[in-house]
Amino acid sequence: MRLNALPRVRLGTLPTPLQELPNLRREIGGPRIFIKRDDLTGLALGGNKTRMLEYLVGDALASGATHLITEGGPQSNHVRQTLAAARIHGLATIIVQNPVDPAPDVQGNFLLDRLLDIEYVQVDIEAERGAKMREIASKLRVEGARPYIIPGGGSNDVGAVGYVAAMLELQHQLWDQDLNPSTLYLASGGGGTQAGAALGAALFHCDFEVIGIAIEDDGKTISDRAWAIVEPAAVRLGIRPPLTRDDLICRDGHVGPAYAVPTEECLVALKLLARTEAIFLEPIYTAKAFAGMLAAIDRGEHRDDDAVIFLHTGGSPVNFALVDQLGGAIG
Ligand SMILES: Cc1ncc(COP(=O)(O)O)c(C=O)c1O
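Note that the structure is a prediction, hence the values are computed from the model and not measured. (Residues numbered from 1 in each chain as written. Predicted model: local features only at pLDDT ≥ 70, side-chain atom pairs only at ≥ 80, totals over all residues. Heavy atoms only, no water.)

1. Some points on the overall build of the chain
- Tallying secondary structure elements over the chain gives eleven helices and ten strands in all.
- At 19 Å, the chain has a C-alpha radius of gyration in line with the 20 Å of a compact globule built from 331 residues.
- Each principal axis of the C-alpha atoms in the chain carries an extent, and together these give about 60 × 50 × 35 Å.
- In the chain, which comprises 331 residues, the proportion classed as buried is 56%.
- Considering only intrachain contacts with a sequence separation of at least 6, the fraction spanning at least 24 residues in the chain is 79%.
- About 14,000 Å² of surface is accessible on the chain, with carbon and sulfur atoms providing 51% of the total.
- Charge-centre separation for the chain: the mean point of 30 positive side chains lies 4 Å from the mean point of 41 negative side chains. (Helix = DSSP H or I, 4+ residues; strand = E, 2+ residues; numbered from the N terminus. Rg over C-alpha atoms; globule rule 2.2 N^0.38 Å. Buried < 20%, exposed > 50% of the residue type's maximum accessible area, 1.4 Å probe, protein only. Contact = heavy atoms within 4.5 Å. Areas by Shrake-Rupley, 256 points an atom, 1.4 Å probe, with all protein chains shown as cover. Lys, Arg positive; Asp, Glu negative; His and termini not counted. Charge placed at Lys NZ, Arg CZ, Asp CG, Glu CD.)

Here it is in structure tokens:
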């Protein structure tokens, strides 16, 4: 296995804490609940992209890159963290965006992007972003630069390796704290985090099941997407995938009306975790996934002597841009 041989730069403050949530458990009952604090990975206010960017930027630098090119909207956590990683490693960065209506407030991630000095190129619609990234890369190559394209969200086989490594870190913490949880819940969209976590969990013989909660599209689409990442990630690691398509589980029922539109249950979850444990979720990814975990507990899927883990994938800066949408959660 080539995990240690793959190019990597250090961007994160690792390991992130694995923390129990006793106040929440007192409130809702059920299994012991733990949270893996990847909101505290440290790069420009943290989040799951830190671990993925360690391998993506590592790969870019190993290929002699001078520029990163990626895509994402004004509130993209991936864009914020990619800009930050690029600043640290002296890479020029071009972000491809499409206009959003209404024009974004300079708040949340977009405010931080501006502080990091974002350079962006606009296309008319989201579907044109990929072609535009390739066009910019061709132009840069003609000029003698070495562009490196990172797909939206960093969700590919290179980025997923960050979560393979994360499972080794988590497995060590579970051993150290003498814990044997049944399930790791996480928010799944682009599928890179889930692909890496499922591959890492299988590779390092973790006893827990990885369950994604769909935060966009549907669970089948996302788990297909994650499976398509697992296979090349395994090749990159020089192993045969130690899991099958059936091991990629992504549950439906918590997206609500659309991606990024807060649901009532996600606002309840966000408020509950803030008021019991002083940990902030956000309504696009983590609060929807947390609501998915709470629903599973509520359905009695976990006995009282069980333990579950929630992977906090970060993103809370977006709350500052969503004051209206947070509505009742603010009180
Ligand atoms: C806060 C947060 N959680 C979860 C995810 C989902 O990660 P993935 O695209 O790897 O499924 C993202 C992706 O943008 C994110 O920003």
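On we go from here.
2. Looking at the pattern of salt bridges
- Enumeration according to the criterion identifies 19 salt bridges in this entry.
- Glu54 is the salt-bridge partner of Arg8, the closest N and O atoms lying 2.7 Å from each other. With Arg8 in the segment before strand S1 (18-20) and Glu54 in helix H2 (residues 49-62), the pair connects residues that are 46 residues apart, well separated along the chain.
- What makes Arg8 partly exposed here is its relative accessible area of 30%.
- Here Arg129 ties to Glu126 by a salt bridge, and the two come within 3.9 Å at their closest N and O atoms.
- On the basis of relative accessibility, which here comes to 8%, the residue Arg129 falls in the buried class.
- A relative accessible area of 52% means that Glu126 is categorised as exposed.
- Taken together, the salt bridges that share partners define one network made up of Lys36, Asp38, Arg51 and Glu169. (Salt bridge = Lys/Arg side-chain N within 4 Å of Asp/Glu carboxyl O.)

The analysis is restricted to geometry; functional conclusions fall outside its scope.
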